Amino acid sequence: MLVATAVGSAADAAGERQARGTSAQNASAPQRSAARPATARRAPARPAAQRAQARQTPQQQNAARSPELRNAMHSGGTPILHVAQSSGLSCVPFARMATGMQISGDARMWWHNAAGSYDRGSRPERGSVLAFTASGGMRRGHVAVVSRVVNDRTILIDHSNWAGPGIRRGTVMRGVTVVDVSDRNDWTAVRVQVGWNNDAFGRTYSTYGFIYNRRPGERIRMAGAAAMQEVAEAQPSPHAAQHMRLAAETLGR
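Attention here is on the structure that accompanies the text. Keep in mind it's a predicted model, so treat the numbers as computed, not measured.

### A closer look at the pattern of salt bridges
Throughout the structure, instances matching the rule amount to 4 salt bridges. Two residues, R140 and D106, come together in a salt bridge whose shortest N-O distance is 2.9 Å. Taken together, the residues R140 in the loop between strand 2 (129-132) and strand 3 (142-151) and D106 in the loop between helix 5 (91-99) and helix 6 (110-114) connect sequence positions 34 residues apart. Taking relative accessible area as the criterion, R140 reaches 57% and is therefore assigned exposed.

### Some points on the packing of aromatic side chains
By the definition in use, this model includes 5 aromatic pairs. Judged by centre distance (6.2 Å) and plane angle (80°), the rings of F132 and Y205 are edge-to-face. Remark: Y205 occurs in strand 7 (residues 197-212) and F132 occurs in strand 2; sequence separation between them is 73 residues. Look at F132 and you get buried, because its relative accessible area is 0%. On the basis of relative accessibility, which here comes to 14%, the residue Y205 falls in the buried class. With a centroid separation of 5.0 Å and an interplanar angle of 65°, the aromatic rings of W162 and Y205 are classed as edge-to-face. One end of the pair, W162, is in the loop between strand 4 (154-160) and strand 5 (172-180); the other, Y205, is in strand 7, with 43 residues separating them in the sequence.

### What about unusual backbone geometry?
Backbone geometry at N161 places phi at a positive 65°, although glycine is not the residue there. Locating N161 in the fold gives a position in the loop between strand 4 and strand 5. Exposure remark for N161: the relative accessible area of 23% places this residue in the partly exposed category. Phi at W187 is positive, roughly 60°, even though this residue is not glycine. Along the polypeptide, W187 turns up in the loop between strand 5 and strand 6 (189-194). In this structure W187 comes out as buried when scored by relative accessible area, which is 0%.

### Observations regarding the side chain of T78
Within the fold, T78 resides in the loop between helix 4 (67-74) and helix 5. A relative accessible area of 12% places T78 in the buried class. Once residues within four sequence positions are removed from consideration, T78 is found in contact with E125, R126, G127 and N213.

### A closer look at the environment of Q85
Turning to its location among the elements, Q85 is positioned in the loop between helix 4 and helix 5. With relative accessibility at 36%, the residue Q85 sits in the partly exposed group. Residues Q85 and V172, 87 residues apart in the sequence, show an inter-C-alpha distance of 7.8 Å. Apart from the residues within four sequence positions on either side, Q85 is in contact with V172 and R174. At 2.9 Å, the side chain of Q85 forms a polar contact with the backbone oxygen of S87.

Parameters at a glance
Residues numbered from 1 in each chain as written. Predicted model: local features only at pLDDT ≥ 70, side-chain atom pairs only at ≥ 80, totals over all residues. Heavy atoms only, no water. Salt bridge = Lys/Arg side-chain N within 4 Å of Asp/Glu carboxyl O. Helix = DSSP H or I, 4+ residues; strand = E, 2+ residues; numbered from the N terminus. Buried < 20%, exposed > 50% of the residue type's maximum accessible area, 1.4 Å probe, protein only. Phe/Tyr/Trp six-rings, centres within 6.5 Å; stacked < 30°, edge-to-face > 60°. Contact = heavy atoms within 4.5 Å. Polar contact = N/O pair within 3.5 Å; in protein donor to acceptor, adjacent residues only side chain to side chain.

Note that all results are geometric; they support no functional claim without further evidence.
Okay, here's the thing in structure tokens:
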């Protein structure tokens, strides 16, 4: 009985010490919380890069996420925005979605309606819109986005609703080859890749020129390219018909 009593007393003493320790911890917790500096409870400040990104436009944010678009912003031209839809689009809504340009009307009216709002010219530039005139087989015209300038006579375009062998109307196509067949190298007469074959080209089409995603008079530096000039006359080149006739005779069409 003496041993049991001694053990019980030791256990009671240990429990009492543990209880006092817990009470002391609970009592000191508010004091430690009150003593903590107010700045320690604030969320850490965002780095300068994150703050700058938050101020960017959606177009700039999309470009920053894509190395291809980021390179385009620093090498001349303007970014091409991502268009997830791959079918069921006509050329006008695709061009609006890919460039962010707000030009009203059918494709045949874009050149005219862009006057005063967007710069225009006769030299291709990444992110610009190639505006086709209306023709017998294309009464509402056509617009396409320049995705790459290969050389002074060849470009690649992204566009939609351009039918061809094995291609349904409304299909989005990217990296389509277009060649300039004008005698003055002013892109007023072009031939477009047929279907998926980048070595086959269709008939000659007349175009107005290129619409750039910037205000009239605003210039960007283009390495190895001639200076852009605003085209005041919103009419097809008077040489376009001659270009098309000569091309048709040469190709036997």
